[in-house]
Amino acid sequence: MSTDVTAAAPPGGAPGAGPPRRTGGGIAWLLRRPGILACLIWIGLVFVASSVARLFSLGNPLEQDLGNALAGPSAAHPLGTDQLGRDVLDRLLFGGWETLLSAWLAVVIAVVLGTALGLLAGYVGGAVDTVTSWVQDILITLPTILVLLAVATVLGNDIWAAMTVLGVLMSATFIRLVRSLTVSVREELYVDAARVSGLSGARILGRHILPNAVGPVFIQGSAALGTAVVVQAGLGFLGLGAPPPYPSWGGMISEAATSISLQPWLLVPSGLMIVLTVLALNLLGDYLRDEMYAARQGRGGATQPSRRQRRAADALAAREVAEPTVDDGSAGAVLRVRDLRVSFPHDDGFVDVVSGVDLHIGAGETVGLVGESGCGKTMTGLSLLGLVPSPGVVSGYIEIDGRRVSTHDGSFAGRRGREVALISQEPMVALDPVFTVGSLMDEVLRGHGYDRAGARTRAAELLELVGIPRIEAVLRSYPHQLSGGMAQRVSIAIALAGEPRLLIADEPTTALDVTVQAEILELLRRLQADLGMALLFITHDLGVVADICTRTVVMYAGEVVEQAPVEDLFDSPRHPYSGALLAATPQVDDDHDPVGIRGVVPPPGRWPEHCRFAGRCSFATDTCRSGPAVLRPAGPDRVHRCVRSEELFDERGDVRPRRQPAPAPVEVSS
Amino acid sequence: MTTGPEPLLDIRDLSVEYRLSRRETLRAVHGVDLDVHAGETVGLVGESGSGKSTIGRAVLGLTPPASGSIRFDGQEIAGLRGRQRARLARDLQVVFQDPLSSLNPSMKVGDLLQEPIRVVRRISRGEAAEIAGDLLERVSLPRDAASRYPGAFSGGQRQRIAIARALSIDARLIVCDESVSALDVSTQASILSLLRRLQRELGVAYLFVSHDIAVVRNVSRRVVVLYKGRVMERGPTAEIVDRPYHPYTRTLLDAIPIPDPRGQRERRARRLASRVRSPGGTAAGGAAGAGCPFAARCAFVQDVCRTRAPVPIPIGARQVACHMYDPASGHPRAGEIATGGWDDPLAREPGPAPDRQPAGTTRHDGG
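It should be emphasised that the depicted structure is a prediction, and the values quoted were computed from it without experimental measurement.

A. Inspection of the overall build of chain A at higher detail. Broken down by element type, chain A carries 22 helices and twelve strands. Taking 26 Å as the expected radius of gyration for a compact globule of 670 residues, we find that chain A reaches 34 Å, considerably beyond that expectation. Taking the principal axes of its C-alpha atoms as reference, chain A extends roughly 105 × 70 × 60 Å. Counting all 670 residues of chain A, 44% fall into the buried class.

Right, dumping it as structure tokens:
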């Protein structure tokens, strides 16, 4: 993440959300990427050397020394001489200038033409798109070398004309690339917003769409440059390059080939020159592509974790946390978690995104995990499934169904799906679109040890269990043919396939319409009554919590700030953060204005030593900033982390901010 | 319904179609009427597929209407293109749902704010920068936010930037398309109060498109409830939320979980009691377009509902498109049909009945 941002960064650092980042200087960036540096050095060297040689007429590419023909490398001729005793190095450099420049010409033509047509086709669409796609298809179908030979026949040995034609032919690739990028960006909301702002089509294309294409076009261009050099050398080899006695790389290979039995060395300089140059151009394209993907995914480039980070990760993972003592009310629970931490690499060490969470869920219990985004809810859920994404490290004590799960030896693999399963927010994303529901369920059930016939019967049973009508038809459908509610039912059925003892539901109804949400909640409630699982329900919707949960855990900035039976929490929250969340929720049957919470959740790594909510709390005093806030018991099965809670209750009887009755919306006429 | 000065936005009989393929079209919006007066907020609620966003996009000129008229300030804008449409940008703006994808990530906030200003008015870069700074202050962001990229801001801050952009050329109507749906409740509340403050200060009107009735109740006095592209019920928000007439509105409201475990338990029980287990199987209705779109899910469905589309019936300050309230339809009233948990909403109150139309029944609660 960029470090110059002083305003609160998006919590958790939304991946790929950042602006084009410029970390350190260009030189420092390059030094950390030796591959790119090597490619650039080689290309630069060849280009500068050949330009200098050509422009300042250094060396004598045409001077013959017949007495010294076909000599190997020597002090006078570092790369030897050819059949006529001409210096190979001078000829390579002299020919290189034209090779590189004409290849450059071809690529510039291809890029300009391709980008313009691609933008137009993608943005305007309709007939323009159709015609452009015909043009592009024709260009791709034409055999390049034959066309170039035909051009050479008509126009004579003019390498610039041939490369111009090559540029037109190569533009097809760029048309296709830019068109597809344009089509996808055209759907972006910011393009709609620009149109609503009354910007002209040209300006939208130039300011909002083209910048997205620059990166990919640049990368493709680098590879195209390599192709152009090869084609150019090929033409030279066929005798269509610079007319003799002027040198060209292809022509030099052709000449070397005729005397291969007399002096095999002669093939080496020109051949190696072409190979290395093309390789450098192609590799450069590949490296840049990797960099771009890495940047899009929000990683700071394709670099490996440092050794210090790896060591820190091992140390974290090995952190021993003892089994919870029996008197914390968690004995016999399906899920028991103590001092759970999830940490991610940051700078040279690690930073916690979940820090020291204790949690337990009994059979038949539904626990709601609430908090704003960036508080660590989802990471907590994923850590219980062993699914925290790669550089993240999970440590602490996790016990599922009476057996301890180790967080760092892969012991999750055998238990995922059987003892613990997941329902995710986007059912469509959870279901692979290329398989039918039947084969998706078959795959899962066979993994749980069913045979083919058994899996079929069980699949039907499970779909019936989740209330799906016309089971046979649904088994034959693909996920995209199902409605959102049906798809979520199917994904619940799949989660239940292994008869899990613990079910993690991560915002399972957030993407659904309220009427469908009500049905899914009803289903989960019925399943809970029938199957008696431990259900962890992660959500930001307090209405959903009130509907389905028996106990609530409120998280803030990576830690639990309050835990209470659901009625107690809603009746009288004890932590000001819980109170603030309640006061911020708009209610359909209530005229009060919701009260926002000022500020944002501080990002991981910037959590203070004292109460983490103090910076946003309307009741914070110096007491709150004097030392770490610890969990304190407040009645049966109830804890909170507020130093001032009791005092606040004595003073005002509540920790919720006072809500104002809504001011009348502006009345116009009625 | 609303008398007085001419509405700022006046939509009549709007239909919008999407072409699915060469032959097939999907009618997303069916003959919708809607008006928004200067300085007021009208809520447009419905579930996915209700056509609520499509109406917003048609107003903004992003989706062409199939038929009907959209008048803004007395001028027909439905078919406007090019330069004439661009001139509307001065008055008509939008705040989308996703504050990140609605701001070009590769442009600095200052440039994003200046761009629309400089298109509409020929002013220098310095003046535009000055205005951009003022706009940032107006939405409670520091002036120096102009020099950063959208990615450097939190979701709520980005939505403030999107609002500032919408305000940059003195818009008179802002279409808020699920503008607070992607935000945490903690942020949602402050964005809602920002929108209200701006309305008080600048007199801007909002067409507030949302799936969340609780939010709509908080910002808008009038609401239009859509289902499958048709208006089911419209009228004063508080009245409709407290006492829905249309069975769909009621279904929708009952499905919203409230943050009160005991109250929610009661609502749930009530909802389950009146729930319909898809009567008439899944052979939903007759031909597309015939009958009431909600017939397949309605607890009170009668034959007439499947064959004839209901017309809007005025009841007090409201309009309800349901045969149950249309004496001419032959549909029995809710109280005359045995369905658990649902009484006749009209039976409880004296006064308004569908066949007579007394005036002055609008409740002005909410402060």
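B. Spotlight on the interface of chain A and chain B. In this complex, chain A contributes 64 residues to the contact, which on the side of chain B involves 76 residues. Taken together, the elements giving at least two residues each to the side of chain A that touches chain B come down to helix 7 (189-196), helix 8 (201-237), helix 18 (514-531), helix 19 (542-548), helix 20 (566-571) and helix 21 (576-584) of chain A. Top contributing element to the side of chain A that touches chain B by residue count: helix 7 of chain A, with six residues. Here the residues of the side of chain A that touches chain B are counted per class, giving 39 nonpolar, 14 polar and eleven charged.

C. Region of the structure containing the UniProt feature "domain: ABC transporter" (unreviewed entry) in chain B. The feature "domain: ABC transporter" (unreviewed entry), as given by UniProt, occupies residues 11-253 of chain B in the numbering adopted here. The span residues 11-253 of chain B shows a helical share of 38% and a strand share of 26%, and its end C-alpha atoms are spaced 26 Å apart.

D. Fine view of the UniProt feature "transmembrane region" (unreviewed entry) in chain A. All names here are of chain A. Following the UniProt record, the feature "transmembrane region" (unreviewed entry) maps to residues 36-56, 101-122, 134-153, 159-178, 217-242 and 262-284 here. Across residues 134-153, helical content stands at 90% and strand content at 0%; the span's end C-alpha atoms are separated by 27 Å. Within residues 262-284, the helical portion is 78% and the strand portion 0%, while the C-alpha atoms at the span's ends are 37 Å from each other.

E. Highlighting the domain arrangement of chain A. Under the domain assignment used here, chain A contains domain 1 (100-301), domain 2 (420-548) and domain 3 (567-670). Here domain 2 of chain A and domain 3 of chain A have C-alpha centroids that lie 35 Å from each other.

F. Seen up close, the nonpolar core. Counting 280 residues, the largest nonpolar core has L166(A), A228(A), L335(A), L502(A), I174(B) and L207(B) as its most contacted members. Discounting chain neighbours no more than four positions away, the residues touching L502(A) are V334(A), L335(A), I361(A), I400(A), E419(A), V420(A), M533(A) and A534(A).

G. Quick look at the environment of G447(A). As for its placement among the helices and strands, G447(A) is situated in helix 14 (residues 437-447). Here G447(A) falls in the partly exposed class, since 13 other C-beta atoms lie within 10 Å of it.

H. Summary view of the domain arrangement of chain B. Segmenting chain B into domains produces domain 1 (1-91 + 170-242), domain 2 (99-169) and domain 3 (244-347). Considering each element in turn, the side of domain 1 of chain B that touches domain 2 of chain B owes the most residues, five residues, to helix 6 (residues 185-202) of chain B.

I. Local environment of the UniProt feature "domain: ABC transmembrane type-1" (unreviewed entry) in chain A. In the UniProt entry, the feature "domain: ABC transmembrane type-1" (unreviewed entry) is given for residues 96-285 of chain A. Structurally, residues 96-285 of chain A comprises 84% helix and 0% strand, and the distance from its first C-alpha atom to its last is 21 Å.

J. Structural view of the sheet that holds strand 5 (residues 75-76) of chain B. Spatially, 2-1-4-5 (chain B) is the arrangement adopted by the four strands of the open sheet, whose pairing is antiparallel. The strands lining the two open edges of the sheet, one partner per strand, are strand 2 (25-36) and strand 5 of chain B.

K. Here's a closer look at the pairing of strand 1 (residues 335-346) of chain A. All names here are of chain A. In terms of burial, strand 1 is a largely internal element, nine of the twelve residues being buried. Note that strand 1 and strand 2 (residues 349-361) share ten bridges and pair antiparallel. In the sheet register, P345 faces strand 2, and the bridge partner there is F350. Connecting the antiparallel pair strand 1 and strand 2 is a turn made up of two residues, with D347 showing a positive phi of about 45°. Direction of pairing for strand 1 relative to strand 4 (residues 393-400): antiparallel, over a ladder of seven bridges. By the bridge assignment for strand 4, R338 is matched with Y397.

L. Fine view of unusual backbone geometry. All names here are of chain B. Backbone geometry places D73, a non-glycine residue, at a positive phi of 55°. Inspection of the secondary structure puts D73 in the loop between strand 4 (67-72) and strand 5. Residue K228 is not a glycine yet carries a positive backbone phi of 45°. Relative to the helices and strands, K228 is located in the loop between strand 9 (222-227) and strand 10 (230-236).

M. Broad picture of the confidence of the model for chain A. Residue and element names in this part refer to chain A. Considering every residue of chain A, the mean pLDDT works out to 85; 91% of them sit at 70 or more. Taken as a whole, residues 1-23 scores under 50 in pLDDT and shows 44 contacts with residues more than four places along the chain or in a different chain. In the predicted structure, residues 665-670 sits below a pLDDT of 50 and forms 20 contacts with residues beyond four places in sequence or in another chain.

N. Local environment of the packing of helix 8 of chain A against helix 9 (residues 249-258) of chain A. Residue and element names in this part refer to chain A. Close contact between helix 8 and helix 9 brings their axes to 6 Å; oriented N to C, the two are set at 45°. One way to sum up the angle between helix 8 and helix 9 is to call them oblique. Between helix 8 and helix 9 lies a crossing whose hand is right-handed. Facing Q232, A233, G234, L235, G236 and F237 of helix 8, the residues of helix 9 in contact are W249, G250, G251, I253 and S254. Taken together, the residues of the contact of helix 8 with helix 9 sort by class into five nonpolar, six polar and no charged.

O. A look at the sheet that holds strand 6 (residues 420-423) of chain A. Residue and element names in this part refer to chain A. Pairing is mixed across the open sheet formed by eight strands, whose spatial order is 6-7-8-3-9-10-12-11. This sheet does not close on itself; its edge strands, each paired only once, are strand 6 and strand 11 (632-633). As paired strands, strand 10 (residues 559-565) and strand 12 (residues 639-640) are joined by two bridges and run antiparallel to one another. Paired with E562 across the strands is H640, a residue of strand 12.

Rules and cut-offs
Residues numbered from 1 in each chain as written. Chains lettered and ligands numbered in written order. Predicted model: local features only at pLDDT ≥ 70, side-chain atom pairs only at ≥ 80, totals over all residues. Helix = DSSP H or I, 4+ residues; strand = E, 2+ residues; numbered from the N terminus. Rg over C-alpha atoms; globule rule 2.2 N^0.38 Å. Buried ≥ 20, exposed ≤ 12 C-beta atoms within 10 Å, placed from the backbone. Contact = placed C-beta atoms within 7 Å. Nonpolar A, V, L, I, M, F, W, Y, C, P; charged D, E, K, R; others polar. UniProt positions renumbered as here; feature names shortened; annotations may be inferred. Domains from an automatic or database assignment. Core = buried A, V, L, I, M, F, W, Y, C linked by C-beta atoms within 7 Å. Pairing = 2+ DSSP bridges. pLDDT = per-residue confidence, 0-100. Axes fitted to C-alpha atoms, helices over the stretch in contact; angles between N-to-C directions. Parallel < 35°, antiparallel > 145°, perpendicular 65-115°, else oblique. Left-handed = near helix turned anticlockwise from the far one by under 90°.

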